[in-house]
Amino acid sequence: MASCITRFAPSPTGLLHVGHAFSAAQAWARADRPGGFRLRIEDIDRTRCRPEFITALLDDLAWLGLEPGAPPLRQSAGHHRHRAALERLRAQGLLYACTCTRAAQAAAAPHPGEGTAYPGTCRGRRDPPPAIPFAWRLDLAGTGLGLWQGWQDEQAGPRAGRADLGGDPVLWRKDDGPAYHLACVIDDAHQGVSLVVRGRDLEPWTALQRLLQRLLGLPEPRYLHHRLILGPDGRRLAKRDRPVTLAALRASGADGRALARQLSELPATGPDLGWDGAAFAPAPTVVPGGAPAGQGA
């Protein structure tokens, strides 16, 4: 029977919180031991990733008792792998150089402030423009693969979705670095990941990643998109909202291993869970306008 290798792949752009711990604990609980739980530090965002956050996340995992069975993989060290994959796709004529700005794309949205799928403005431009910053986009229509892609979910069974939710995706950024989706599938294959455990907020992008895996001849992992941990306001815990961090819980004298055990024993799927900074409860109901029921805006 094939071994089960899972991974936890945080970005060091801030301190980890209980939502991260839940994802790590769920992945750790499903990995074969010894050695089946892997850590990937997704540090390709050059403007936001910081060394102190890497140190903190390593300390957090040690406090939780969720130490990886192999040395951590720094995603930034895999530039050569990511570039080689990009060049394979380019050699197949599947990429085009895009000079569009985010502002120009936002202006094309039907209403101010709304997102929109990339309309393919630069499609067909196979050669990079001289002296103009550009990104490489994948020409989805040219791949010969259907936009509907399927995958196997560990608990939900066969699932499928569209790979074109954002239009033709950027695979290589203007700052000469890989975009998330390309780096993710390359490094999952490099680490031998057979079960991708992550939040259900990332499930809409699984179809695009499956398409990239097929184009590049990569192994197909299974997936488990777990429920989310929400804050008292009913919104998903996010670094930008400054939730209670694992570092703060460590400093308070909390028992990290007990927390990890509790998180690993929670069912992976079902209604989202609320977290008030000290305990779990059913997630608050959010009313139209974004405020939890019973609270003002």
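Residue numbers restart at each chain and count upward from 1, following the sequence in its written direction. In keeping with the predicted nature of the model, local features appear solely for residues at pLDDT of at least 70, side-chain atom pairs appear and are counted solely at 80 or more, and the whole-chain, interface and lining totals rest on all residues. Values shown for side chains rest on all heavy atoms present in the structure; no hydrogens or waters enter the calculation.

Regarding the side chain of Gln191
Along the polypeptide, Gln191 turns up in the loop between helix 5 (180-190) and strand 9 (195-199). Residue exposure (1.4 Å probe, protein chains only): buried if accessible area is under 20% of the type maximum, exposed if over 50%, otherwise partly exposed. Its relative accessible area of 9% is what places Gln191 among the buried residues. Discounting chain neighbours no more than four positions away, the residues touching Gln191 are Ile5, Arg38, Leu39, Arg40 and Leu73. Helix numbers and strand numbers start at the N terminus; a helix is a DSSP run of H or I with at least 4 residues, a strand a run of E with at least 2. When checking whether two residues touch, look at their non-hydrogen atoms; a contact exists if any pair is within 4.5 Å.

Some details on the side chain of Asp139
Residue position: Asp139 is located in the loop between strand 5 (135-138) and strand 6 (148-153). Not counting residues up to four positions away in its chain, the partners in contact with Asp139 are Leu94, Tyr96, Arg123, Arg126 and Asp168.

Here's the deal with helix 2 (residues 51-64)
Helix span is expected to be 1.5 Å times the residue number reduced by one. Between its first and last C-alpha, helix 2 extends 20 Å over 14 residues, near the 20 Å set by a 1.5 Å rise per residue. When helix 2 is considered as a whole, its buried residues turn out to be Phe53, Ile54, Ala56, Leu57, Asp60, Leu61, Trp63 and Leu64. On its buried face, helix 2 sits against strand 1 (6-8), helix 1 (18-30), strand 2 (37-41), strand 3 (73-74), helix 7 (246-251) and helix 8 (256-265). Following helix 2 by one or two positions, Gly65 adopts a phi angle in the positive range, close to 80°.

Quick notes on the sheet that holds strand 1
If DSSP finds at least two bridges between two strands, the strands pair. In space, the three strands of this open sheet follow the order 1-2-3, with parallel pairing throughout. The open sheet has two free edges, formed respectively by strand 1 and strand 3, since each of these has just one partner strand. Relative to strand 2, strand 1 runs parallel, the two being bridged by three bridges. Directly across from Arg7, in strand 2, lies its bridge partner Arg38. Those strands touched by helix 2 are strand 1, strand 2 and strand 3, and its axis lies near 165° from that of strand 2. Here an axis means a line fitted to C-alpha atoms, over the contact stretch when the element is a helix, while the angle between two N-to-C directions is reported on a 0 to 180 degree scale. Packed onto the sheet, helix 5 meets strand 1, strand 2 and strand 3 and runs at close to 145° relative to strand 2.

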